[in-house]
Amino acid sequence: MESNFTISRDDKKSIYIIIPAYNEEKRVGNVLKKVASLGYKIIAVNDGSSDNTLNVLKSVQKEYPDNIYVLSHIINMGAGSATRTGLDAALKHNPSYVVTFDADGQHDYNDIANVCEPLISGRAEAVIGARPFEDMPLDKNFANTIMTLLTEIFYHVKVKDSQTGFRAFTASAARKLKIESHGYLISSEFIKEINKNNLKFEEVTIKTIYTDETQKKGTNALVGIKIMLRMIREVFYKH
Amino acid sequence: MNGTPLYPLTFIIIAILAIAIIYLKFREKKISLTSFILWIFLWVMIVIIAIDPKFSEIFARIFGISRGLDAIFIMAIISLLYMCFKLFLKIEKLEQNINKLVRELAIKNEINLENEEDKD
């Protein structure tokens, strides 16, 4: 899917891209520079990294002082937590749209416009960027398929990709979401909340760049089992 | 006194040490009154049963279990499970509190360039 949609400069200023980063010193710098040079605002959240991530964030912030806000967790709290911190911080700046984006360079920058397009044209209040599973390495394909199935079973929402890190919301929609998890369960929780709040919702197919490095983290089989246990527990807790 | 003399004696020594530690912790206000009473009760029971194993049969009869030792095991397992559950809930709560703290701190102390330059 090639993007023909372009976002005006003014619109870009009110789009806040939330980038949670944990031990991403090698890649987060490039990701931030690319996104900032496209003209978007960035909320970068260092999630208690033990490497040099925070300093990388700060040095990129010096290059693009008007575009980047840096927040830092003192200790590692998980991808979900960092995303929530980013969301809270972004909403304080009165954005029109908020986008969550992975720090490891697995997403394509040009997709930001594609994912925001349904929001700007008013067709949707929430968009998730679905990764085509055929492109995934086999173990990730398997884990993500299972997770998406589980999301359907537990949260009664059918989506193409439940574990994506690429999502976009209008500010008013983002304010309605009550996200509580700390780790990777957050992806499914977003979908649950979109459904619960009856938000107009669209899935946009996005490109995923799989390199050896971007494969290390994310939903592999083990993470999948952990997410499943949490979902089961949540169902028993709340009903 | 029933049983070999060595085994009740070991239990009594361990129990006295444990009670002493619990008492000290309580005096330093490191544990609450409820847990102080519960722990003391637990160790006193252990001492009583160590001195006179027949005592456990009273429990067995209350719960309708034929052997005293079985009753002790069942009670021990149940109380351990209960404690595990309690700990699990407590840890979960702590995790949530820490999470809240870390997130609030991050949002309150947004890193901005001026502050950074002051440090350099």
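Draft legend 1. Representation of the sheet that holds strand β3 (residues 68–73) of chain A. Residue and element names in this part refer to chain A. The seven strands lie next to each other as β3-β2-β1-β4-β6-β5-β7, forming an open sheet whose pairing is mixed. At either end of the open sheet lies a strand with only one pairing partner, and these are β3 and β7 (201–205). With direction set aside, neighbouring strand axes in the sheet form an average angle of 20°. As paired elements, strand β5 (residues 126–130) and β7 share five bridges and run parallel to each other. In the strand pairing of β7, I128 is matched with E203.

Draft legend 2. Fine view of the interface of chain B and chain A. The partner chain A presents 19 residues to the ten residues of chain B that form the contact. Among the elements of the structure, α4 (68–108) and α5 (113–119) of chain B are those that each provide at least two residues to the side of chain B that touches chain A. Of the residues in the side of chain B that touches chain A, the class split is six nonpolar, one polar and three charged.

Draft legend 3. Summary view of unusual backbone geometry. The phi angle at A:H156 is positive, at roughly 60°, despite the residue not being glycine. With respect to the helices and strands, the residue A:H156 is situated in the loop between α6 (138–155) and β6 (167–170). Residue A:H156 is classed as exposed on the basis of its 11 C-beta neighbours within 10 Å. A positive phi is found at B:K29, a non-glycine position, where the angle reads about 60°. Here B:K29 lies in the loop between α1 (6–27) and α2 (33–51). The exposed category is assigned to B:K29, around which 8 C-beta atoms lie within 10 Å.

Thresholds applied
- Residues numbered from 1 in each chain as written.
- Chains lettered and ligands numbered in written order.
- Predicted model: local features only at pLDDT ≥ 70, side-chain atom pairs only at ≥ 80, totals over all residues.
- Pairing = 2+ DSSP bridges.
- Helix = DSSP H or I, 4+ residues; strand = E, 2+ residues; numbered from the N terminus.
- Axes fitted to C-alpha atoms, helices over the stretch in contact; angles between N-to-C directions.
- Contact = placed C-beta atoms within 7 Å.
- Nonpolar A, V, L, I, M, F, W, Y, C, P; charged D, E, K, R; others polar.
- Buried ≥ 20, exposed ≤ 12 C-beta atoms within 10 Å, placed from the backbone.

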